[in-house]
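Working through the structure, step by step
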Amino acid sequence: LRRRIIRAEKMEVVGHLAASISHEVRNPLTVSRGFMQLLLQSERMNYKDKQYIQIAIEEIDRAEAIITDYLTFAKPAPEHVEKLNVKTEIERVIDILRPLANMNSIEIQASLLPFAVKGERPKFQQCLLNVMKNAIEAMPHGGILRINVSIDKDYVLIHIGDTGIGMTKEQIERLGEPYFTTKGTKGTGLGMMVVYRIVETMKGDLFIHSEVGHGTDVYMYFPSYYKSDIEKSSKRHQFEQVSY
Ligand code: ADP
Ligand code: MG
């Protein structure tokens, strides 16, 4: 099943929200969480009070997750459209996600090529992060995260595949719907909405192939910065398989 799922109505919502949330919110959250963690260890505190603190910590984690899905790369300064090297940008996101991948015993296999696309760097990175983070979260007991870059006609194709839990048809259809999550309080249901929004802004396209119990493949197409990449690609770039 390969299903086209970009829908205009899913993308109206995000808009300017991200820009209006301060980048600085994260620091006070981290500090508050630290103090609550300390309180949890206190011997003077009774069980009930500790339960309240536990709830407060979970709520802070939730706020943190929302910021992650929106604002990991957000800059206070205005962003501008530029030429982006997909290999460099993917590598940056892999570096950020490596600790999470290690925690889940996930191997990352990347075949990256330095094709160019046009976009705002922080948004493009956010988009890659949200898709790769979902892939990792779909493999709580380990697996393989595959990232491949290739050229398809005038488009740079980024394929992100996991060997995780997969999705049902219904789940695929609801993907990108605000607040649609199967992760309970740990999920925001905002990650894919942001992804669709960014892919649309970059005049790209997104396809999903998923099988329950087998895994998910996300195919993201972005217009190539140079159409000439297509002719040159086969000669200029050596295919490389890199394990991270
Ligand atoms: P969140 O990750 O906070 O739940 P997202 O918008 O990122 O929100 O994803 C929405 C839902 O789509 C997830 O809760 C999950 O059910 C499903 N999903 C997304 N990516 C994958 C994947 N790679 N494998 C399995 N399910 C996925
Ligand atoms: Mg997510």
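Rules used in this analysis
- Residues numbered from 1 in each chain as written.
- Chains lettered and ligands numbered in written order.
- Predicted model: local features only at pLDDT ≥ 70, side-chain atom pairs only at ≥ 80, totals over all residues.
- Heavy atoms only, no water.
- Axes fitted to C-alpha atoms, helices over the stretch in contact; angles between N-to-C directions.
- Helix = DSSP H or I, 4+ residues; strand = E, 2+ residues; numbered from the N terminus.
- Parallel < 35°, antiparallel > 145°, perpendicular 65-115°, else oblique.
- Left-handed = near helix turned anticlockwise from the far one by under 90°.
- Contact = heavy atoms within 4.5 Å.
- Nonpolar A, V, L, I, M, F, W, Y, C, P; charged D, E, K, R; others polar.
- pLDDT = per-residue confidence, 0-100.
- Near = heavy atom within 4 Å.
- Polar contact = N/O pair within 3.5 Å; in protein donor to acceptor, adjacent residues only side chain to side chain.
- Areas by Shrake-Rupley, 256 points an atom, 1.4 Å probe, with all protein chains shown as cover.

Looking now at the packing of helix α3 (residues 26-41) against helix α4 (residues 47-71). Remark: α3 packs on α4, axes separated minimally by 10 Å, with the N-to-C direction vectors making an angle of 155°. In this view, α3 runs roughly antiparallel relative to α4, as classed from their interaxial angle. In the crossing of α3 with α4, the sense of the turn from one axis to the other is left-handed. Between α3 and α4, the residues in contact are Arg26, Leu29, Ser32, Arg33, Met36, Gln37, Leu39 and Leu40 and Lys50, Ile53, Gln54, Ala56, Ile57, Ile60, Asp61, Ala63, Glu64, Ile67 and Thr68, respectively. Residue composition of the contact of α3 with α4, grouped by class: ten nonpolar, four polar and five charged.

Further remarks concern the confidence of the model for the protein chain. Overall, the predicted model of the protein chain reaches an average pLDDT of 87, with 83% of residues at or above 70. Counting interchain partners and residues more than four positions distant, the pLDDT-below-50 stretch residues 8-17 has 20 contacts. Every residue in residues 235-241 scores below 50 in pLDDT, and together they form 13 contacts with partners more than four places removed in sequence or on other chains. Here the predicted complex carries an ipTM of 0.99, next to a pTM of 0.84.

Around ligand 1, 20 residues are found, and the nearest of them are Thr181, Thr182, Lys183, Thr188 and Met192. Gly191 is positioned such that a nitrogen or oxygen atom in its backbone is 3.3 Å from an oxygen atom of ligand 1. The separation between an oxygen atom of ligand 1 and a polar main-chain atom of Met192 is 2.8 Å. Relative to its unbound accessible surface of 530 Å², ligand 1 loses 95% to contact with the protein. When residues of the shell around ligand 1 are traced back to their parent elements, those giving at least two are α6 (121-137) and α8 (191-201).

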